[in-house]
Amino acid sequence: MKVLKFGGSSLGTPERIRGVKEIIKGQSLPCIVVVSAFEGVTDSLLRIAELASRGNSDYKAELDKLIDIHRNFAKALLSDPDDLNNASDHIEVISNELGEIFRGFFLLRESTKHALDQVLAVGERISSLIISLFLDDSILKDSRELIKTEGKPGNSVVDFKATNQLIKAAFEKTNKLTVLPGFIASNHNGDTTTLGRGGSDYTAAIVAAALKAEVLEIWKDVDGFMTADPRKVEKAYTIENLSYSEAMELSHFGAKVIYTPTLRPVFRENIPVLVKNTFNPEGKGTLINNK
């Protein structure tokens, strides 16, 4: 069993998603693919929420633009009319949900952390459906049914005992390609929660650890951990091997390739993590393990 995670930059355009499909085609089954929202969507949702909670009616036009982006992705990727209708219906339902939540923000001139979790979950809810319909012979599972959290909205922590049991039960007999939305979870009351910054990476790590996966592959827009920021240092190069502790220390002090919480579940289960570049799939990337 492998777990692959693709971030927003890997899913920024329909063409990039076609490239992701080629990467996935080469994987043996069973395989789990965790996806983020399309590039920029979560930031847009935050911006629209801020507009609405300030009483700025421009939020309506911004929401329409965001929904149109998802409609266009579906049209570009889904050639089967039934799949396109399925995606379109799903997008409309979520669009109506968002409209009601943002109207509440607008009328009250404020947003709550609970409501904001519902808003920020939308990107992954739509992207995972579209991608599951686009991939051949894949099934979609809702991460909110598998990952359970405790604590207050906006500051939830994973209930690993309940989560591990649910994940094991869901995948113990599967031999399929499964798509999961990253970043989202639910509490024990069934309310949608989110896993915070780097949450999609964290989703993939939680699933990989629960299933004792062969490897967790995290696909980014960089060749892995590098000796320096390549945008600032021309001769920066990829570090091919890191220990868990080295990777966690680099993440803690600012390397944004992987956020520190992501590595904790896989570190406990000694599962190797391979960071690869979606735009350079032949590159070696960075392997993180106990060596």
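On a predicted model such as this, the values are computed, not experimentally measured, just so you know. (Residues numbered from 1 in each chain as written. Predicted model: local features only at pLDDT ≥ 70, side-chain atom pairs only at ≥ 80, totals over all residues. Heavy atoms only, no water.)

Moving on, we get to the pairing of strand S1 (residues 2–6). In terms of burial, S1 is a largely internal element, five of the five residues being buried. Burial along S1 is two-sided: Lys2, Leu4 and Phe6 and Val3 and Lys5, pointing in opposite directions, are all buried. As defined by bridge partners, S1 adjoins strand S2 (residues 31–35) across five bridges and the pair is classed as parallel. In the strand pairing of S2, lysine 5 is matched with valine 34. In this region the chain leaves S1, passes through helix H1 (residues 14–25) and returns to the parallel neighbour S2; the handedness of that crossover is right-handed. (Buried < 20%, exposed > 50% of the residue type's maximum accessible area, 1.4 Å probe, protein only. Helix = DSSP H or I, 4+ residues; strand = E, 2+ residues; numbered from the N terminus. Pairing = 2+ DSSP bridges. Right-handed = clockwise from strand over helix to strand, strands pointing away.)

Leaving glycine aside, a negative phi is the common case for residues, and trans is the common case for peptide bonds. A cis geometry characterises the amide bond from leucine 29 onward to proline 30, with omega recorded as 0 degrees. One can find proline 30 in the loop between H1 and S2. Of note in the backbone geometry, phenylalanine 183 takes a positive phi value of approximately 75 degrees without being a glycine. Tracing the sequence through the fold places phenylalanine 183 in the loop between strand S6 (177–181) and strand S7 (184–187). Look at phenylalanine 183 and you get buried, because its relative accessible area is 11%. A positive phi angle, close to 50 degrees, is found at lysine 212, a residue other than glycine. Take lysine 212: it is sitting in the loop between helix H8 (199–211) and strand S9 (215–220).

This next bit is on the packing of aromatic side chains. Inspection of the entire model under this criterion finds six aromatic pairs. Put simply, the rings of Tyr59, Phe102, Phe105 and Phe106 pair up and form one aromatic cluster. Over the aromatic face of phenylalanine 134 sits the side chain of lysine 21, whose NZ or CZ is 4.4 Å from the ring centroid. Sitting above the plane of the phenylalanine 160 ring, arginine 268 keeps its charged end 5.2 Å from the centroid. (Phe/Tyr/Trp six-rings, centres within 6.5 Å; stacked < 30°, edge-to-face > 60°. Lys NZ or Arg CZ within 6 Å of the ring centre and 35° of its normal.)

A few words on the environment of glutamine 27. Assignment of secondary structure puts glutamine 27 in the loop between H1 and S2. Take glutamine 27: its relative accessible area is 16%, and that puts it in the buried class. Between the C-alpha atom of glutamine 27 and that of leucine 4, which follows or precedes it by 23 residues, the distance is 9.6 Å. In this structure, glutamine 27 is in contact with Lys2, Leu4 and Glu217, ignoring residues within four places of it in sequence. At 3.4 Å, the side chain of glutamine 27 forms a polar contact with the backbone oxygen of isoleucine 23. (Contact = heavy atoms within 4.5 Å. Polar contact = N/O pair within 3.5 Å; in protein donor to acceptor, adjacent residues only side chain to side chain.)

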